[in-house]
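Chain by chain, the residues:
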Amino acid sequence: MKRKRGEQAWITGIFVGMANVTFKGNPAQTNGELPAVGDKLPAFSFVGSDLADITAEDFAGKRLVISLFPSVDTGVCAQALRTFNEKAAALDNTVVLSVSKDLPFAQERFCAAEGIENVVNASAFRADEDFGLTLADSPLKGLLARAVIVTDEEQKVIYTELVDEITTEPDYEAALAALN
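Residues numbered from 1 in each chain as written. Predicted model: local features only at pLDDT ≥ 70, side-chain atom pairs only at ≥ 80, totals over all residues. Heavy atoms only, no water.

Caption draft 1: Structural detail: the pairing of strand β3 (residues 20–23). Summarising the sheet, β3 and strand β4 (residues 26–29) pair through 4 bridges and their orientation is antiparallel. Counterpart to V21 in the pairing with β4 is A28. The antiparallel hairpin formed by β3 and β4 contains 2 residues in its connecting segment, where K24 sits at a positive phi of about 55°. (Pairing = 2+ DSSP bridges. Helix = DSSP H or I, 4+ residues; strand = E, 2+ residues; numbered from the N terminus.)

The structure is reproduced here in structure tokens:
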């Protein structure tokens, strides 16, 4: 059964929302939906370059720009990392958290080679919370869809974007404008 964006379902007694995106023009579904603007950011635990946990508590009192994407090994994902790195340098009290299912070693290697120093890399390879963005189907099944979540200092969600076509970049300007 094909679902439309935002359509919801009950699976084994648990309410599940799904979002639809496309990959190279072909339909793809996520395993849930982004948190809504106005919601508190869900708790999360990702893995940092040093293999230590990265959690929401690590960023208490900071604004967050969370950039989620499939893999640093694709051109669009690499460009998004470069762009957020460049724009993050000018942001006060703000952390750009770059999240993919790549191993932390691959993320670190990429950022070192590219001179990326203004983002915090976080691997979701063993994460329980993925903000509902793991792709449930498509050739990228198991990786994250492309999205941006922005929070204020109290970790209230103030902006979200689920990029409709995975092979396109997010709207950087809209995400950063939410911080003003």
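Following the structure, the description resumes.
Caption draft 2: Fine view of the pairing of strand β8 (residues 94–100). Burial analysis of β8 places 7 of its 7 residues in the buried class, the great majority of the element. Side chains of β8 alternate between two faces, with T94, V96, S98 and S100 and V95, L97 and V99 buried alike. Inspection of the sheet shows strand β7 (residues 63–68) paired to β8 by 6 bridges, in the parallel sense. Considered in β8, the bridge of L64 is made with V95. With respect to chirality, the unit in which β7 leads through helix α1 (residues 75–88) into the neighbouring parallel β8 is right-handed. (Buried < 20%, exposed > 50% of the residue type's maximum accessible area, 1.4 Å probe, protein only. Right-handed = clockwise from strand over helix to strand, strands pointing away.)

Caption draft 3: Inspection of the UniProt feature "active site" (unreviewed entry) in the protein chain at higher detail. UniProt's entry tags C77 with the feature "active site" (unreviewed entry), counted in the numbering of this structure. By the element assignment, C77 lies in helix α1. Discounting chain neighbours no more than four positions away, the residues touching C77 are F69, P70, S71, V72 and R146. (UniProt positions renumbered as here; feature names shortened; annotations may be inferred. Contact = heavy atoms within 4.5 Å.)

Caption draft 4: How the structure looks around helix α2 (residues 104–114). Listing the buried residues of α2 in full gives P104, A106, Q107, F110 and C111. Buried residues of α2 fall within an arc of 165° about the axis and therefore sit on the same side. Turned more than 90 degrees off the buried face of α2, the exposed positions are R109, A112 and A113. Looking at the buried residues of α2, the elements they touch are β5 (45–47), α1, β8 and β9 (120–123). Within two residues after α2, G115 carries a phi angle of roughly 70°, on the positive side. (Arc of directions from axis to C-beta.)

Caption draft 5: The pattern of salt bridges, seen in detail. Scanning all chains against the criterion turns up 2 salt bridges. Close ionic contact of R82 with E114 constitutes a salt bridge, the shortest N to O distance being 2.8 Å. With R82 in helix α1 and E114 in helix α2, this pair connects stretches of sequence that are 32 residues apart. Looking at E114, the relative accessible area reads 36%, which means it is partly exposed. One salt bridge in this structure joins E173 and K87, with 2.9 Å as the shortest N-O distance. Of this pair, E173 sits in helix α3 (residues 172–177) while K87 is found in helix α1, placing the two residues 86 residues apart along the sequence. (Salt bridge = Lys/Arg side-chain N within 4 Å of Asp/Glu carboxyl O.)

Caption draft 6: Local environment of the packing of aromatic side chains. Summed over the entire model, instances satisfying the criterion amount to 4 aromatic pairs. Centre to centre, the rings of F44 and F131 are 5.8 Å apart; their planes meet at 65°, and the pair counts as edge-to-face. With F44 in the loop between β4 and β5 and F131 in the loop between β9 and β10 (147–151), the pair connects residues that are 87 residues apart, well separated along the chain. Owing to a relative accessible area of 5%, F44 belongs among the buried residues under this scheme. (Phe/Tyr/Trp six-rings, centres within 6.5 Å; stacked < 30°, edge-to-face > 60°.)

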